[in-house]
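Read off the chains here:
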Number of protein chains: 4
Amino acid sequence: MQSLNNTKVKKQNIGHNTIVKCNDVNIGEGFCTVIAGPCAIENEKMAVQTAKEVEAKGAEIFRSSVFKPRTSPYSFQGYGTNGIEIFSSIRSETNLLLESEVLSCEHLEILYDHIDLVRIGSRNMDNYELLKEVGKTNKPVILKRGMSSTIEEFLLAAEYIISNGNERVILCERGIRTFETYTRNTLDILAIPALKELTHLPVIVDPSHSCGRRSLVPAASRAAIAAGADGIIIEVHPNPGSAISDGDQSINFEVFNNLMKDLYRLSEVMNKKWAVKNRKMTI
Amino acid sequence: MQSLNNTKVKKQNIGHNTIVKCNDVNIGEGFCTVIAGPCAIENEKMAVQTAKEVEAKGAEIFRSSVFKPRTSPYSFQGYGTNGIEIFSSIRSETNLLLESEVLSCEHLEILYDHIDLVRIGSRNMDNYELLKEVGKTNKPVILKRGMSSTIEEFLLAAEYIISNGNERVILCERGIRTFETYTRNTLDILAIPALKELTHLPVIVDPSHSCGRRSLVPAASRAAIAAGADGIIIEVHPNPGSAISDGDQSINFEVFNNLMKDLYRLSEVMNKKWAVKNRKMTI
Amino acid sequence: MQSLNNTKVKKQNIGHNTIVKCNDVNIGEGFCTVIAGPCAIENEKMAVQTAKEVEAKGAEIFRSSVFKPRTSPYSFQGYGTNGIEIFSSIRSETNLLLESEVLSCEHLEILYDHIDLVRIGSRNMDNYELLKEVGKTNKPVILKRGMSSTIEEFLLAAEYIISNGNERVILCERGIRTFETYTRNTLDILAIPALKELTHLPVIVDPSHSCGRRSLVPAASRAAIAAGADGIIIEVHPNPGSAISDGDQSINFEVFNNLMKDLYRLSEVMNKKWAVKNRKMTI
Amino acid sequence: MQSLNNTKVKKQNIGHNTIVKCNDVNIGEGFCTVIAGPCAIENEKMAVQTAKEVEAKGAEIFRSSVFKPRTSPYSFQGYGTNGIEIFSSIRSETNLLLESEVLSCEHLEILYDHIDLVRIGSRNMDNYELLKEVGKTNKPVILKRGMSSTIEEFLLAAEYIISNGNERVILCERGIRTFETYTRNTLDILAIPALKELTHLPVIVDPSHSCGRRSLVPAASRAAIAAGADGIIIEVHPNPGSAISDGDQSINFEVFNNLMKDLYRLSEVMNKKWAVKNRKMTI
């Protein structure tokens, strides 16, 4: 890809794999990092309960979404700024890092001091003005691939962040649009090794949005690690059937527990360490 | 589409076709409106020259892009705020209305008093925070369909604008992503009659971004009108071969002139009036 | 497209537009030819009734499908060889030419003496062994584009026929697969001018399979002619609501009648003659 | 999927997972089977050399293609019937089973007595007349998914075979068409768990055609097994750089050797036995 010739995302221009360090958590080549939590924070109790559970099973980062980009303006738009208080509860009850999606520069400002990682969702991968703003911070950024973005466009979106000064970018494959309707999206599993040969940045996978069906999520997660992904961001809910948003693709605690065991074994095959070096699986 | 049941975009909920009036220009069912101009304003001379030419051939609105969303951060990002002075020159030399793309709330504020219509590009169709802001104004909005947005999502994006108070929305089909590579995008011509049966809003087509090749643009434009579109937004450049951006898909003055003659005849077949009621084609 | 360099489909290698003549019917540049009839022949009465009706309104060729490729083996597979008797009735009651789909070399042999044009459906565009067989005959062939074939592959499939000796190939765009679900397929309207600049072969459009919804079929048909297509192949049924197959996309006689009037006017704008030179529209 | 309600492919209608036995090779749930060999047989020497090599590393079945469906009629169309003699050489030098693609009923007849498994390629998944013929035999059939076939259509194509009497069908996911161009196709990894919950039939993956680039093939293969596939069909060539067809996606012996070691370890994680029960990896 000629368009990458003089970019900072290109592997050959850097010469090493970037490990994004976030406190004691390593994200990148050689590690397997699990980000887990509900699609959206619904209330304090479920958030804390889920956080404790996923931490106990080996997750390092909590998915703490309070601003939700929804297709319809009449759908639940997230818990909003009130969610910030809940962040404190999670921090007092667990050692998890917190990540959350921002949809605008205003959101970024509101959440900045309360989260450890910023997430840019698929719908905003092409929102270059937001990318530039995030690029001016030094917070780690999880950048999700657009629903129909090419690998090249995905990398150039990351370049918008890096070229503004922030090199702590984590790429997230989350499924692309195709004609297939049995799954919500088509997980582009080949994007993982493709990105790994093109860029030095960490690559993780969102199996939940890829699948849209919880029954497929464990297989998608395993495939991601076997294909070389450096981790996953996965939706876990105490009771997926009653979730306010995306319940169909959320897994419950038991399924998550079994999945983590599989991922642990797969990480060994793939020569990947668990994200925190000295942590042992308690499962 | 159940998701449209209680929406304001739905045709059956409104009972009439919306004509967006912008000074003396009508955009909507029964009219054919042509928006023309270069992909990007490059300098005053070419902008004014192009504006005078497209006005003479029957265009009513000038495409006046000064902020350009480019895949690479290193590509030309547009003439920027300096373009505002050029707007004055165009207004003093022609009677054309001006439309321009905004990529952020900041752009919206900067351009608001200088343009007649706001354009939201494909990359920002899912930028709901921007849609909400545009929804709080009463400026006509050209909303382009996302590169891989469904018709349903397109209509719900419009609903984000309308539900915030601004009903002057013009939908623009501009091609979707498919496996075909001969064309830049695949013009979804069926989206025109589909939108026409689902919504009361005006529907226009961008043949230039659909095609990506100037040789196909006239056919795409004719097809759009024959399928029922209420107008087109088309890239015209004095010398496409030397354009700073998207020259491959821009047509020159002669091709534009011939195309306008075809569109005039097609509008008659389709029982569409030219956008300004008493205007006569001078061609 | 380099792959076309030494092919017989390439326009520049031939230097003229091919008009496929079939008795007194011309198919190709400068003409507009309408092929109409039901998705499948259901019985003699409906076949003859439909044939007389579409002939009266200006169609020149009757869509006479007796072998149906169906996604499920348990769906109606067509009237089969018994349909051949019905062909005789249509011939005795009208002057229409007959075309029919073949799914195999065996079908080709069975139908060969009874039809004027052979149709290869989308599902068999890549069935090269069948293409070679058809290429050894001198019967005009309507070759439909595969559901996800590129324009290049489409042309090379035609080359399989021509390189075996049969130059009477008519290309048919019929919609491609995309993520959009409101329509059955996405009519690739740009394929028409694209094919017109790449090849000398006639290009027609199947609006019925493109749309999958009869309400969109007239707009799709008009767009096809305005984009430069040399004709359409369209599903017409006396009572679409009770059709055995594809009723949702079939139009009734009244809608067909109105559409033909539109196409006649559009053909004039496009400088296209009606397929039979001295025929006048009776509508 | 309602269309599967009364089908023989549906898991719930059968109540067990089908293991296709082919001599002493098991293909299906609980096993991992590797089919390997060149894209096309080019000559006896390379065929035998490759066969011995892949057998030594754990493959059970040899990919022995002699009829090649090529996009252009002027590309190499395969070694043809002369290849049958080479089959004898492979059998005398190895214990591998042989599989080969048939493009027509004629090919099926020619190859029938010389191969152990029949392959129907992507281009012929919709060639229902061929499926019916294969369904009348009792030879195991590897059915590849069409380039843009839905999972539902894929299963109904299998039903065409089974409903004609042959239940020994092995489904093969091989990548689908999307807008992404860095890879030849997009491997639909989610199709594996999706098929596993919908049908009792074995599911394998073709990583070579999915990727189109050999650097991605090992990751694709590992992901396939981790997602639950029952095996892979992979292109291996003594010298991929000089292959007559598809050299870009073929891996050499060394890469194949390393991949097999990975697959062996992954099979253990997935509780899958190697295809031949008592065989031990010699690697």
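Everything in this summary refers to the structure shown in the same document. Only a predicted model underlies this, so the values are computations on that prediction, with no experimental measurement involved. (Residues numbered from 1 in each chain as written. Chains lettered and ligands numbered in written order. Predicted model: local features only at pLDDT ≥ 70, side-chain atom pairs only at ≥ 80, totals over all residues. Heavy atoms only, no water.)

Scanning the entire structure with this criterion turns up 8 aromatic pairs over all chains. The ring centre of C:Tyr112 lies 4.2 Å from the NZ or CZ of C:Lys139, which sits over that ring. Between the NZ or CZ atom of D:Arg177 and the centre of the ring of B:Phe179, over which it lies, the distance is 6.0 Å. (Phe/Tyr/Trp six-rings, centres within 6.5 Å; stacked < 30°, edge-to-face > 60°. Lys NZ or Arg CZ within 6 Å of the ring centre and 35° of its normal.)

In many analyses, interface size is given as the accessible surface area lost on bringing the parts together. Contact residues are listed per partner, giving 41 residues for chain D and 41 residues for chain A. Around 3,100 Å² of area is buried between chain D and chain A when both sides are counted, 71% of it from carbon and sulfur atoms. Of all residues in chain D, the largest losses of buried area upon contact with chain A belong to D:Phe179, D:Tyr182 and D:Leu190, amounting jointly to 22% of the total for that side. Viewed at the interface, chain A and chain D are joined by 2 salt bridges. Here D:Glu180 makes a salt bridge to A:Arg145, at a shortest N to O gap of 2.9 Å. Where chain D packs against chain A, one counts 10 residue pairs in polar contact (both at pLDDT 80 or more). Of all elements in the fold, only helix 7 (191-198), helix 8 (207-211), helix 9 (217-226) and helix 10 (253-269) of chain D reach the threshold of two or more residues within the side of chain D that touches chain A. In terms of residue count, the dominant contributor to the side of chain D that touches chain A is helix 9 of chain D (5 residues). In terms of residue class, the side of chain D that touches chain A is made up of 22 nonpolar, 10 polar and 9 charged. (Contact = heavy atoms within 4.5 Å. Buried area = accessible area lost by both parts, 1.4 Å probe. Salt bridge = Lys/Arg side-chain N within 4 Å of Asp/Glu carboxyl O. Polar contact = N/O pair within 3.5 Å; in protein donor to acceptor, adjacent residues only side chain to side chain. Helix = DSSP H or I, 4+ residues; strand = E, 2+ residues; numbered from the N terminus. Nonpolar A, V, L, I, M, F, W, Y, C, P; charged D, E, K, R; others polar.)

Our focus in this paragraph is the relation of the copies chain D and chain A. The two copies are related by a screw operation: chain D maps onto chain A through 180° of rotation and 0.0 Å of translation along the axis, at an RMSD of 0.0 Å. Those values place the two copies in the arrangement expected of a two-fold rotation axis. Among all residues of chain D, the one whose C-alpha sits closest to the rotation axis is D:Ala223, at a distance of 2.1 Å. Of the interface residues in chain D, 100% have counterparts in chain A that sit at the interface too, so the contact is made through matching surfaces. (Least-squares fit on C-alpha atoms with pLDDT ≥ 70 in both.)

It is possible for side chains of opposite charge to pair when their charged atoms get near one another. Scanning all chains against the criterion turns up 72 salt bridges over all chains. Across the pair A:Arg119 and A:Glu99 runs a salt bridge, and its minimum N-O distance is 2.8 Å. One end of the pair, A:Arg119, is in strand 6 (residues 117-120); the other, A:Glu99, is in strand 5 (residues 97-101), with 20 residues separating them in the sequence. As far as the burial class goes, A:Arg119 and A:Glu99 line up, both buried. Put simply, B:Asp246 and B:Arg184 hold a salt bridge, and the shortest N to O gap is 3.2 Å. (Buried < 20%, exposed > 50% of the residue type's maximum accessible area, 1.4 Å probe, protein only.)

Looking now at the packing of helix 5 (residues 128-135) of chain A against helix 6 (residues 151-162) of chain A. Residues and elements named next belong to chain A. Here helix 5 crosses helix 6 at 45°, and the two axes come no closer than 7 Å. Here helix 5 lies oblique to helix 6, going by the angle between them. For the pair formed by helix 5 and helix 6, the contact residues are Tyr-128, Leu-131, Lys-132, Val-134 and Gly-135 on the first element and Ala-157, Tyr-160 and Ile-161 on the second. Here the contact of helix 5 with helix 6 is composed, by residue class, of 6 nonpolar, 1 polar and 1 charged. (Axes fitted to C-alpha atoms, helices over the stretch in contact; angles between N-to-C directions. Parallel < 35°, antiparallel > 145°, perpendicular 65-115°, else oblique.)

With an axial shift of 0.0 Å and an RMSD of 0.0 Å, the rotation relating chain D to chain C amounts to 180°. Looking at chain D, 100% of its interface residues are interface residues in chain C too, so the copies touch through the same face.

Function cannot be inferred from these measures alone, as they are strictly geometric.
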